[in-house]
Amino acid sequence: MRDGLPTLRLTSCQAENSEFLCRAITRYVGDKLGIATEFVVDLPWQRRERLLDDGSIHAGWICGLPYVLKTERSCPRIELLAAPVMAEARYANCPVYFSDIVVRHDNRARSFEELRGMRWAFNEPHSHSGYNIVRYKLGRLGERAGFFGKVVESGAHQATLRMIVSGEIDASAIDSMVLETEFWRRPALRHHLRIVETWGPSPAPPWVVSRRLSKALRKQLRRIMLSMHREPRGRAILREAKMLRFVSVTDSDYDPIRRMASIAKIVTL
């Protein structure tokens, strides 16, 4: 038992299609530390995030925008553990990701600006890739409101993709890691969708840890994640998720999201 914890609890507030990775990491960390671990997933992700905030969940994978918002508190309750480096060439061996602007294959639009007046969906308002960067881009274009003909909140990137395919909405900004996972799991999906623009790179969604854990245990968790790619079991887990490794990140690495958020706040979808 470490820090008096009977069980170390980890979670994810990322897309559902990444949960297989987070489960594997949870088991891996437990085996390396020699303690019981639990992957908390049977709660709404908003509840999981609150439990991470109050220390009832000890570590987790969150979006960069919520991380930035949490650091605005006078005494932040979490700190950075690591961020993923994806294997695809466009990530250029860096801890970054993109927002892919996706339409159905038969949509006439060939650029983001040609989506004016169309039906748009965003996953949720604390998402950088699906919401924050969209308002930022509109702000840079001089738009303040009313660019889209209709805007709906889907609740998740995967739900948004289903809405595009079914024709319920016309377009959305999708986390590139989510989209790539959907493509390699469901190859036929590529025939139904088309990317009209790609925005980024943005700092990759980080893994964070509660400051209620001892410094020693936080240090061990960080070391375990940063060294996963150096041993066979860790590499196999990462390979399954199309990742190369985890790397150290600092708070200043997320300043680009802060800068985008400062412009995004003047725009209403």
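None of these values were measured; they are calculated from a predicted model. (Residues numbered from 1 in each chain as written. Predicted model: local features only at pLDDT ≥ 70, side-chain atom pairs only at ≥ 80, totals over all residues. Heavy atoms only, no water.)

### Topic: the pattern of salt bridges
So, step 1. All told, the structure shown has 16 salt bridges when counted by the stated rule.
So, step 2. Put simply, Arg 90 and Asp 100 hold a salt bridge, and the shortest N to O gap is 2.9 Å. You can see Arg 90 sitting in the loop between strand 4 (78-86) and strand 5 (96-104) and its partner Asp 100 sitting in strand 5, a full ten residues away along the chain.
So, step 3. Overall, the relative accessible area of 0% leaves Asp 100 in the buried class.
So, step 4. Each of Glu 49, Asp 53, Lys 70 and Arg 73 takes part in a single network of salt bridges with overlapping partners. (Salt bridge = Lys/Arg side-chain N within 4 Å of Asp/Glu carboxyl O. Helix = DSSP H or I, 4+ residues; strand = E, 2+ residues; numbered from the N terminus. Buried < 20%, exposed > 50% of the residue type's maximum accessible area, 1.4 Å probe, protein only.)

### Some details on the packing of helix 4 (residues 128-140) against helix 9 (residues 255-264)
So, step 1. As a packed pair, helix 4 and helix 9 sit with axes 8 Å apart at the nearest point and diverge in direction by 60 degrees. One element, helix 4, and the other, helix 9, form an angle in the oblique class. For the pair helix 4 and helix 9, the sense of crossing is left-handed. Across the interface between the two elements, His 128, Asn 132, Ile 133, Arg 135, Tyr 136, Gly 139 and Arg 140 from helix 4 touch Ile 257, Met 260, Ala 261, Ile 263 and Ala 264 from helix 9.
So, step 2. Grouping the amino acids of the contact of helix 4 with helix 9 by side-chain chemistry returns seven nonpolar, three polar and two charged. (Axes fitted to C-alpha atoms, helices over the stretch in contact; angles between N-to-C directions. Parallel < 35°, antiparallel > 145°, perpendicular 65-115°, else oblique. Left-handed = near helix turned anticlockwise from the far one by under 90°. Contact = heavy atoms within 4.5 Å. Nonpolar A, V, L, I, M, F, W, Y, C, P; charged D, E, K, R; others polar.)

### A look at the nonpolar core
So, step 1. Core analysis: the biggest nonpolar cluster contains 55 residues, and Leu 8, Trp 207 and Phe 246 have the highest contact counts within it.
So, step 2. Considering each element in turn, this core owes the most residues, seven residues, to helix 1 (residues 19-33).
So, step 3. If near-sequence neighbours (up to four positions away) are discounted, Trp 207 is found in contact with Leu 10, Thr 11, Cys 22, Ile 25, Gly 60, Trp 61, Glu 79, Leu 80, Leu 81, Ala 82, Met 225 and Phe 246.
So, step 4. Counting residues in each nonpolar core, the second largest holds 22 residues, with Met 118, Phe 122, Tyr 131 and Tyr 136 among its members. (Core = buried A, V, L, I, M, F, W, Y, C linked by side-chain atoms within 4.5 Å.)

### Quick look at the environment of Gly 130
So, step 1. Within the secondary structure, Gly 130 is located in helix 4.
So, step 2. Residue classification places Gly 130 among the buried residues on the basis of a relative accessible area of 0%.
So, step 3. For the pair Gly 130 and Ala 156, spaced 26 residues apart in the sequence, the C-alpha separation amounts to 9.3 Å.
So, step 4. Apart from the residues within four sequence positions on either side, Gly 130 is in contact with Phe 122, Asn 123, His 157 and Ala 173.

### Thoughts on the sheet that holds strand 1 (residues 8-12)
So, step 1. In space, the six strands of this open sheet follow the order 2-1-3-10-4-11, with mixed pairing throughout. The open sheet has two free edges, formed respectively by strand 2 (37-40) and strand 11 (243-247), since each of these has just one partner strand. Strand-to-strand twist of the sheet, defined as the mean angle between neighbouring strand axes without regard to direction, takes the value 20 degrees.
So, step 2. In this structure, strand 3 (residues 59-61) lies alongside strand 10 (residues 207-210), joined through three bridges in antiparallel fashion. By the bridge assignment, Ala 59 is partnered in strand 10 with Val 209.
So, step 3. Those strands touched by helix 1 are strand 1, strand 2, strand 3, strand 10 and strand 11, and its axis lies near 165 degrees from that of strand 2. (Pairing = 2+ DSSP bridges.)

### Brief notes about empty space enclosed by the protein
So, step 1. A complete count under the given rule lists one cavity of 30 Å³ or more for this structure.
So, step 2. Approximately 40 Å³ is the volume found for the largest cavity.
So, step 3. Every residue lining the largest cavity is listed: Leu 138, Glu 143, Arg 144, Ala 145, Gly 146, Phe 147, Phe 148, Val 267, Thr 268 and Leu 269.
So, step 4. Looking at side-chain class alone, the lining of the largest cavity contains six nonpolar, two polar and two charged residues. (1 Å grid on protein atoms, 1.4 Å probe; cavity = no way out; pocket = protein on both sides within 12 Å on 5 of 7 lines; lining within 4 Å. Points joined across faces, edges and corners; volume = space filled by probe spheres on them.)

### Re the layout of surface pockets
So, step 1. Approximately 550 Å³ is the volume found for the largest pocket.
So, step 2. For the lining of the largest pocket, the elements supplying multiple residues, two or more each, are helix 1, helix 2 (45-54), helix 5 (157-166) and helix 6 (176-185).
So, step 3. If you tally residues by element for the lining of the largest pocket, the top one is helix 5, at four residues.
So, step 4. Classifying every residue of the lining of the largest pocket gives 18 nonpolar, ten polar and seven charged.
So, step 5. Space inside the second largest pocket adds up to approximately 250 Å³.
So, step 6. What lines the second largest pocket is a set of 14 residues, and nearest its centre among them are Trp 45, Gln 46, Glu 49, Glu 124 and His 126.
So, step 7. Elements represented by at least two residues in the lining of the second largest pocket include exactly helix 2 and helix 3 (64-71).
So, step 8. Counting residues per element, the lining of the second largest pocket draws most heavily on helix 2, at five residues.
So, step 9. Considered class by class, the residues forming the lining of the second largest pocket number four nonpolar, three polar and seven charged.

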